[in-house]
Amino acid sequence: MINRLRATRFIVAQVHDEPIIASLGNPKFDLFAAGDRPQNFYMWNSMGMAASMGLGLAMARPAQKVIVLDGDGALLMNLNALTTAAARAPQNLIHVIWDNRQFALTGGQPTHTAFRADLAQLARGAGFERVVAVDTQEAFEQAFLQAMATPGPWIIVARVDDQQATARPPKSPTYIKHRFMQSLGAYDT
Ligand SMILES: Cc1ncc(C[n+]2csc(CCOP(=O)(O)OP(=O)(O)O)c2C)c(N)n1
């Protein structure tokens, strides 16, 4: 099984100024722990919205890879994000889903992937062609490097352990948003 923090550290070591949008809960906590940077967007509370935000940004900035770090629970709350992203199919989108089969942050309640749901199959059914399911660090690294080097959109479903994150990013959405937009050159000043 993959350790989410270790895999997130690998991602942060590979990127330069590519934006990373991290879903609420452990994905964003581990992104902060792996390396804070203005190009990190930490989603607070808006469950499922990292996927939608990543799609919008990827469409607006086609020349740059846009990375989304999602949780299985969050994505399952916004499954239509998959069908919309597959229909638009921005080649620069890399959507990583950390599947720990639970809503870890709120007490470890099982998500539907703990029963019969398969996120890679759902992504294929939505229309994605480049879908990889991985359960070792080595396979994850290989998949991520391929996604960075070749056109997508890419979906990487990574089976992770249930380790909880310990670090917490800043809690001001306004600060996070302005810093992020400035890093993208979205402001004149
Ligand atoms: C609409 C909505 N319902 C519930 C919550 C409470 N909530 C915050 S994080 C979370 C669990 C997220 O699960 P997942 O995306 O799988 O990440 P994990 O916690 O497992 O890392 C829940 C239920 C919320 N923020 N918004």
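The coordinates are above.
First, a word on what this report is: a plain description of the structure on this page. Just so it is clear, the structure is predicted and the values come from calculations on it, not from any experiment. (Residues numbered from 1 in each chain as written. Predicted model: local features only at pLDDT ≥ 70, side-chain atom pairs only at ≥ 80, totals over all residues. Heavy atoms only, no water.)

Here strand 7 (residues 130-134) pairs with strand 8 (residues 154-159) via 5 bridges, running parallel. Looking across to strand 8, one finds that alanine 133 is bridged to valine 157. Considered for its hand, the β-α-β crossover made up of strand 7, helix 7 (residues 137-149) and strand 8 is right-handed. (Pairing = 2+ DSSP bridges. Helix = DSSP H or I, 4+ residues; strand = E, 2+ residues; numbered from the N terminus. Right-handed = clockwise from strand over helix to strand, strands pointing away.)

Each regular strand shows side chains that alternate between the opposite faces of the sheet. Burial runs high along strand 8: 5 of the 6 residues are buried. By the bridge criterion, 6 bridges tie strand 4 (residues 93-99) to strand 8 in an arrangement that is parallel. Bridge assignment links histidine 95 to a residue of strand 8, and that residue is isoleucine 155. (Buried < 20%, exposed > 50% of the residue type's maximum accessible area, 1.4 Å probe, protein only.)

With that settled, the discussion passes to the site of the ligand. In the vicinity of the ligand there are 16 residues, among which Gly73, Ala74, Gln102, Ala104 and Leu105 approach most closely. Between the ligand and the protein, one listed contact pairs a nitrogen atom with a backbone N or O atom of asparagine 45 at 3.1 Å. When contributions to the shell around the ligand are tallied by element, the ones reaching two or more residues are helix 2 (26-34), helix 4 (72-76) and strand 5 (102-103). Sorting elements by how many residues they give to the shell around the ligand places helix 4 first, with 3 residues. Of the residues that constitute the shell around the ligand, the class distribution is 8 nonpolar, 7 polar and 1 charged. (Near = heavy atom within 4 Å. Polar contact = N/O pair within 3.5 Å; in protein donor to acceptor, adjacent residues only side chain to side chain. Nonpolar A, V, L, I, M, F, W, Y, C, P; charged D, E, K, R; others polar.)

Taken by themselves, the reported measurements are silent on function.
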